[in-house]
Structures are given as structure tokens and as C-alpha cells.
Amino acid sequence: MSNKKTRYFVAISGTILAIGLGTGLLASYMGLPVSVFSSAAGPDELQYVPADAAVVAYANVRDVMNSEFRQRFKNLEPTQENKNQFEEKTGLNFEQDIDSVVAVALTKDGMANNPAGAFLILAKGRYEASRLESLALEHGAQVSDYQGKRLITHQEMQAGTDPNHDDMAFGFLDADLVAFGSLNTVKAAIDARASNRNIVSNNDMMKLVNEIDNSNAWAVGRFDAIASKAGLPAEIQSQMPAITWFSAAGHINGGLSGTFKAQTKDEATAKNLRDMMQGFLAMAKMQSANKPAFQQLADSLQLSGDGNNVALSFSIPTELLDVLEAMAKGRHLQPQQQH
Amino acid sequence: MMADAVPVEQGPRMARPRMSFLAASRRVFDLSLGEMLWSRRTIFMALVVGGPVLLALIVKGVEMFGMSALRVNGQRVGGFGIFGMIIWWLFLRFIVPVLGVFYGTALMADEVEDKTLTYLFTRPIQRGAVLIGKYLAYLACTILVVLPAVMVVYFLLVPLSELPTTFGKLVLDLAILGLGLAVYGGVFAFVGAFFKRPLVIGLVFAFGWEQVTLALPGYLKQFTVAYYLQALVPHAMPSDGVTSVLQGMFRDVPPTPVALAWLFIYLGGFLWLATRIVERKEYVLEQ
């Protein structure tokens, strides 16, 4: 090649191509955890979610609590009396102290027999750990340490003979993060973070989480795993569409908007599902023709997708919320008038 | 242009053995690559190829703030979707043809315009080797700029978690773009060798003839490069825009082997024709 400048240029271009192709090949054949070069999508709490979780759901409680949507329906909530009692005992005000919640479903074989053992709740917020601990001890709970994390376990005396029974536990994972679930799932959460084998390394699940955008509540998961482990009757299982993955995401603020996406086993199933949903949408649009508020909701329903994918998005307009609010207030007043 | 690079014979005239076609092409390639890379035309190429990279940076920036850069029907278009659109709209439909036109038509035309063709043709090499050498230099030059740019755009837009599932399509995209540059280069090398105003004819072909015939029903689209090239692209054709809707309506996609066969026929055929023309044509250098 003619000169040094040209050789450098060729070398740099070749290097960019080689690095890109090498990284891609490596990722294709060996897999590449999301966290290798970039921060993972989703909240930090996902590092405590075991890698084999079937469903992960997240809600930004602070956003939802402060939303206009919630403010609109706030006065319809039950009296503050029960809430105040809880706050007095625990020092915990759900509205102000909880920032976000992650709920996890784990597909254990005993999911149908022992539902409590298949769920894990991770709540981020501000807690008075000592107060909660002493309250638990007062009620007969036991306190222990697991991998440097404080665990409060509640043992049921009558459960001794049940092989599927799993004690409920409450673990302080970080200064602002608690886990609630069966003792085994809380321990699994601690192990997931310590061993770095958590949902963040599950590329299929993280791909779905990564696609979620601007939502303050969402859920993603393997539909087939839940259907097969939830102990549903065979008749119902056979009628369910062959959905493999799903994701649902919503944004709550002044109104409510969201998207539901599903991935089916094959293109034919996806087409059938789209056709079926198209039929329902047509029916909904026909039914709502005389109700402007509901018509806006029906018009906002958008069905899309290609190949194995089906997506349905919706948006609840303010007009419909006005109607719902009026209806709810009407129902709320009726019992009071009867008294 | 080439005059400085070709050594001038000194001393008594000696009968120098003629170089083989391959060796001569390689020699011309070596000389032409540096010239092409550091010419003013490269600034144009950098600007054209820099566009998608800049766009990808903007999209990345927007997404870093938690917003979605592109939504269709309220649905967020993912990174790979945006990458597919950039490949389709910018690279395949604009950058590849435009580079083919600007570089391909200039392979011989520049030498004629600069009146340096005589220096090349008086060397003991076949005339066709000059064209092939310069064509290979064009191919290397454009591939070395376009493909790394595509790679950068891909890594900017596509999340690493999607890398295992999308990498195969990236490799396919790179191969198609390389083939596109080769075929368009061959076609426009012929145009440059044959016509007197090759740039205008090239632009009319790439952005007039190809676009119109693709939007029309009938067999005329078979006389375009884009028809076969677009049939190979792994991304679904975006359906927004009147032209795309029209093209989608009349779109009959040829099978991959047919598309590949025709692309290679175009490549080989037009390069052969261009070589024959350069071998036989009497270039008159205007004074």
C-alpha cells in the first residue's frame, strides 16, 4: 500500500470490523450477560431476583401514589383508621415510605401446592428495621442471620406435618430494601445477588425488560412456565393459546396507558391470536359506538405485531376516567344514604 | 492524478516485458487506494456515512434519558428496529447507490478530465487492468469506510442483550452492503467508461430510473440493481411513506438464489463491458 497514512486507515477500519465481528461471534456462541459492558435495564433490585424466575413485575409506587390518576380516586379509598393502626405499630406509611415494589413468581414444582413458597416481594423504601424486628419478636418470630443479612422468620406450629410447608420470612437485604416471601425464596434472593446468578444474567428476560419504556408499572415473564406449573386443569391448559413470553407495561399519570405484548410458539398461533383479538376489538368498537367516552378507549386499542409477536396497546382517556369516577362516587354514596 | 505515481523510464529505451493482467491490476490498485482515500471525494463520503452514525448517537442519547427515540402506533421501536430502518433507508437506498455513482463513474472519467489517462495507457500494462485496479481500489475504499460505520451504528443502537439474536442479521447486512457497493460500482464503472457525462446519467439511473420502476407494476424493475438487492435484506420493508406504500403494493420479491445470480451477472457483465470499452475506446483528451 502506497503510504503510511493509508496503512493506518486500513488497520483502523479493519480493527473496528474485527472487534465488532469478534464480539458478535462471542456473544452468539457463548452468550453475553447484559451487565458485561452496560448497566442492566430495570431497577437495581433485579440483582436479588433468582435467574430462574418465571415472572417479574415492578411498580414505581412513588410515581403511582403521586399520579393524578391516584389523586382522582383517593377520596374513594376506605377510612384511614386501619392504615393509622398499621403505621403506629410498624412506623411504616405505604404512601410515603415505599418507593418501589418488585414481585417475583418462581416456577417451583410445588407452585400449585405451596403458592406462598413461589412468590417473592422486594420493596424499596425507608424502614425502621429495629422497630419492625422488635414487633416481629413480640409476635413470636425468630431472628437469624444469613450471609450477613438479617432474617425474621415466622414459624407456624401446625405446619410440622406438611411436607410442602415453607416458613414465611422477612429479610433486610439493604438499608432501603426488604424481601418478603418464604424462607427459601428470601434466601434464594440473597444467594442470587451474592453469586451474581440473577435475572440480570437471563438474556431472554432482560430483553423483555429492556424493551419496556417510560412505564411505572410492568410485568414480564414466561407464560408457558406458569401455565404448566400452576396446577391448572388440563382442560383449561389445552384451551390456552401457546404463548411463550409476555410483557405488560403501563404508565399511570393523568390517565392510564399501556401495552401488552406476547410471543407465541409459532407464527400460525400468533396469527390466530391476532385474528381473535381483532374480532374482540371490532366487537368492542361496535358496542361503544353510542358512548363517546368508551368509544375513545376502543379507538385507542391498537393491535400490532408480526411473525411470532402480538402487541396490544391502549390508552384510557380523561373523559372515560371522569365517567368512571362519577360511577364510583355514585356507588360510594349509595350505601351511606341507605344508612 | 496518476502521473506522479507512475515511474518515468530513464536512460536508453529498453523493451520492458508486459505485466500480467493480475499483477498490473494489483499495481494500479496499490497506487489508486491511497489517492482515493485522501481525495476530496472522501470528505463527501465521510459526511454521507457520518450521517447515520450521528443519527445513532442522537438516538442513543435520547434513550439514555429514558425516552424512546421512535414510536410507531404508540409502540416503541427497539434498537434493532431503528438499525434496520437505517440500513434500509439510509445505507441501501441512498449511501450505497450514491457512493457507487460518485466513485464508479469517476474511475476513468477523472483520468480523462485531469488529462492523466495518457500516462497510464503508455505503461506496459493492459488498459483493462487500469480499470480493474481502480475498481478494486474503489471497493476497498468504500468498504473500509461503510462497513465500520455500520458496525458502529449497530453497537450504538442495539442493546448487548439482543446481540446473540441479531448478530446473524448484522453479518448478512454487511455482506449485502458489500455486494451492493460491488454491483453499483461495476454498473457505474461501465457508465463512466462509456458515456461522456457519466455523473448525470448515474444519478438519473440511481435516483430516477430505479425509484420509478420499483414503484411501477411490471417487469421493468428487473432492470435495476435495487430490486435484487432489497430482496436480500433481512429487515421488513418499512411501510410508511407514499413511495414505500407503492413499492410495497407492487413488490414481488425474487427468490434469494435468483437475486444473487442476477447481482453477480450484473457485476461480472458490467465489469467485463467496462473493461472491453476501456481496451478499445479512443479517449480524446480535450485541450
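The structure presented is a predicted model; accordingly, all values stated were derived computationally and were not measured.

A.B. asks: Provide a residue-level description of the pattern of salt bridges, including the pertinent values.
C.D. replies: Considering all chains together, one arrives at nine salt bridges over all chains under this definition. Linking R62 of chain A and D99 of chain A is a salt bridge whose minimum nitrogen-to-oxygen distance equals 3.3 Å. Of this pair, R62 of chain A sits in helix 2 (residues 61-66) while D99 of chain A sits in strand 2 (residues 98-106), placing them 37 residues apart in sequence. Assessed through its relative accessible area of 23%, R62 of chain A is described here as partly exposed. With a shortest N-O distance of 3.0 Å, D110 of chain B and R41 of chain B are connected by a salt bridge. Taken together, the residues D110 of chain B in helix 4 (residues 106-113) and R41 of chain B in helix 2 (residues 40-64) connect sequence positions 69 residues apart. For D110 of chain B, a relative accessible area of 14% gives the class buried. Several salt bridges converge on common partners, so that one network encompasses R62, D99 and R126 of chain A.

A.B. asks: Now, about helix 11 (residues 267-287) of chain A: what can you tell me, with residues and values included?
C.D. replies: Residue and element names in this part refer to chain A. For helix 11, built from 21 residues, the straight-helix expectation of 30 Å at 1.5 Å per residue is met to within 8% by its first-to-last C-alpha distance of 30 Å. Within helix 11 the residues assigned to the buried category are T269, A270, L273, R274, M277 and L281. The arc that holds the buried residues of helix 11, viewed along the axis, is 130°, so those residues lie on one side. Exposed positions of helix 11 whose direction lies more than 90 degrees from the buried face are N272 and M286. As for helix 11, its buried residues are in contact with strand 9 (243-252), strand 10 (256-264), strand 11 (302-304) and strand 12 (309-316). Two to three positions downstream of the cap, the backbone nitrogen of A268 sits 3.4 Å from a side-chain oxygen, assigning the N-cap of helix 11 to D266.

A.B. asks: Describe the sheet that holds strand 12 of chain A, and please don't skip the residues or the numbers.
C.D. replies: Two strands in a sheet stick together by hydrogen bonds in their backbones, pointing the same way (parallel) or opposite ways (antiparallel). Residue and element names in this part refer to chain A. Read across the sheet, twelve strands follow the order 4-5-6-7-3-2-1-8-9-10-12-11 without closing on themselves; strand pairing throughout is antiparallel. Each end of this open sheet is capped by a strand with a single partner; those strands are strand 4 (142-146) and strand 11. If you compare each strand with its neighbour and ignore which way they point, the axes differ by 15° on average. Looking at chain direction, strand 10 and strand 12 are connected through eight bridges and run antiparallel.

A.B. asks: Explain the confidence of the model for chain B residue by residue, including any values.
C.D. replies: Residue and element names in this part refer to chain B. Looking at chain B, pLDDT values average 83 and 83% of them are 70 or higher. At the level of individual helices and strands, chain B shows its lowest average pLDDT in helix 10 (residues 242-249), which scores 51, and its highest in helix 11 (residues 256-280), which scores 94. In the predicted assembly, ipTM is 0.79 and pTM is 0.59.

A.B. asks: Account for unusual backbone geometry, naming residues and giving values.
C.D. replies: Residue and element names in this part refer to chain A. For Q147, which is not glycine, the phi dihedral falls at a positive 50°. Tracing the sequence through the fold places Q147 in the loop between strand 4 and strand 5 (149-154). Since its relative accessible area comes to 48%, Q147 is described here as partly exposed.

A.B. asks: Could you give me a rundown of the environment of Q96 of chain A, with the residues and numbers involved?
C.D. replies: All names here are of chain A. Summarising the element assignment, Q96 is placed in helix 5 (residues 94-97). Linking Q96 and R126, residues 30 residues apart in sequence, is a C-alpha distance of 8.7 Å. Other than its neighbours up to four places away in sequence, Q96 contacts R62 and R126.

A.B. asks: Lay out a nonpolar patch on the surface with the relevant residues and their values.
C.D. replies: A cluster of nonpolar side chains, Y8, I12 and I16 of chain A together with V152 of chain B, forms an exposed patch at the surface whose accessible area comes to about 370 Å². The element that contributes the greatest number of residues to the nonpolar patch is helix 1 (residues 4-30) of chain A, accounting for three residues. Inspection of the secondary structure puts V152 of chain B in helix 6 (residues 127-157).

A.B. asks: Describe helix 11 of chain B, with residues and values.
C.D. replies: With 25 residues, helix 11 of chain B ought to run about 36 Å at 1.5 Å a step, and its terminal C-alpha atoms sit 36 Å apart, in line with that. Each element contacted by the buried residues of helix 11 of chain B is listed here: helix 1 (21-37), helix 4, helix 5 (117-121), helix 6, helix 7 (163-194) and helix 9 (226-230) of chain B.

A.B. asks: I'd love a proper account of the nonpolar core, names of residues and values included.
C.D. replies: Core analysis: the largest hydrophobic core is formed by 92 residues, its most contacted members being F83, L99 and V150 of chain B. Here this core takes 20 residues from helix 6 of chain B, the largest share from any one element. With sequence-adjacent residues up to four places away left out, L99 of chain B is seen in contact with M45, V49, G104, Y138, T142, V146 and L181 of chain B. With 31 residues, the next largest nonpolar core counts Y48, L122, A169 and W218 of chain A among its residues.

A.B. asks: An account of the packing of aromatic side chains is requested, with residue identities and associated values reported.
C.D. replies: Across all of its chains, the model carries 24 aromatic pairs over all chains by this definition. Judged by centre distance (6.4 Å) and plane angle (20°), the ring pair of F246 of chain A and F260 of chain A falls under stacked. Highlighted residues: F246 of chain A in strand 9 and F260 of chain A in strand 10, separated in sequence by 14 residues. With relative accessibility at 11%, the residue F246 of chain A sits in the buried group. For F260 of chain A, a relative accessible area of 33% puts it in the partly exposed group. The interplanar angle of 5° and the centroid separation of 6.0 Å between the aromatic rings of Y184 of chain B and F188 of chain B together place this pair among those described as stacked. Taken together, the residues Y184 of chain B and F188 of chain B, both in helix 7 and four residues apart, mark about one turn of the helix. Accessibility classification places Y184 of chain B together with F188 of chain B in one group, the buried group. Among the aromatic side chains, those forming a connected cluster through ring pairs are F190, F194, F195, Y227, Y228, W262, Y266 and F270 of chain B. Taking NZ or CZ as reference, K5 of chain A lies 4.8 Å from the ring centre of W38 of chain B, over its face. For R41 of chain B, the ring lying beneath its charged end belongs to Y103 of chain B, and the centroid distance is 5.9 Å.

About the cut-offs
- Residues numbered from 1 in each chain as written.
- Chains lettered and ligands numbered in written order.
- Predicted model: local features only at pLDDT ≥ 70, side-chain atom pairs only at ≥ 80, totals over all residues.
- Heavy atoms only, no water.
- Salt bridge = Lys/Arg side-chain N within 4 Å of Asp/Glu carboxyl O.
- Helix = DSSP H or I, 4+ residues; strand = E, 2+ residues; numbered from the N terminus.
- Buried < 20%, exposed > 50% of the residue type's maximum accessible area, 1.4 Å probe, protein only.
- Expected span 1.5 Å × (residues − 1).
- Arc of directions from axis to C-beta.
- Contact = heavy atoms within 4.5 Å.
- Polar contact = N/O pair within 3.5 Å; in protein donor to acceptor, adjacent residues only side chain to side chain.
- Pairing = 2+ DSSP bridges.
- Axes fitted to C-alpha atoms, helices over the stretch in contact; angles between N-to-C directions.
- pLDDT = per-residue confidence, 0-100.
- Patch = residues over 30% accessible without salt bridge, like charges linked within 9 Å, V, L, I, M, F, W, Y side chains within 5 Å.
- Areas by Shrake-Rupley, 256 points an atom, 1.4 Å probe, with all protein chains shown as cover.
- Core = buried A, V, L, I, M, F, W, Y, C linked by side-chain atoms within 4.5 Å.
- Phe/Tyr/Trp six-rings, centres within 6.5 Å; stacked < 30°, edge-to-face > 60°.
- Lys NZ or Arg CZ within 6 Å of the ring centre and 35° of its normal.

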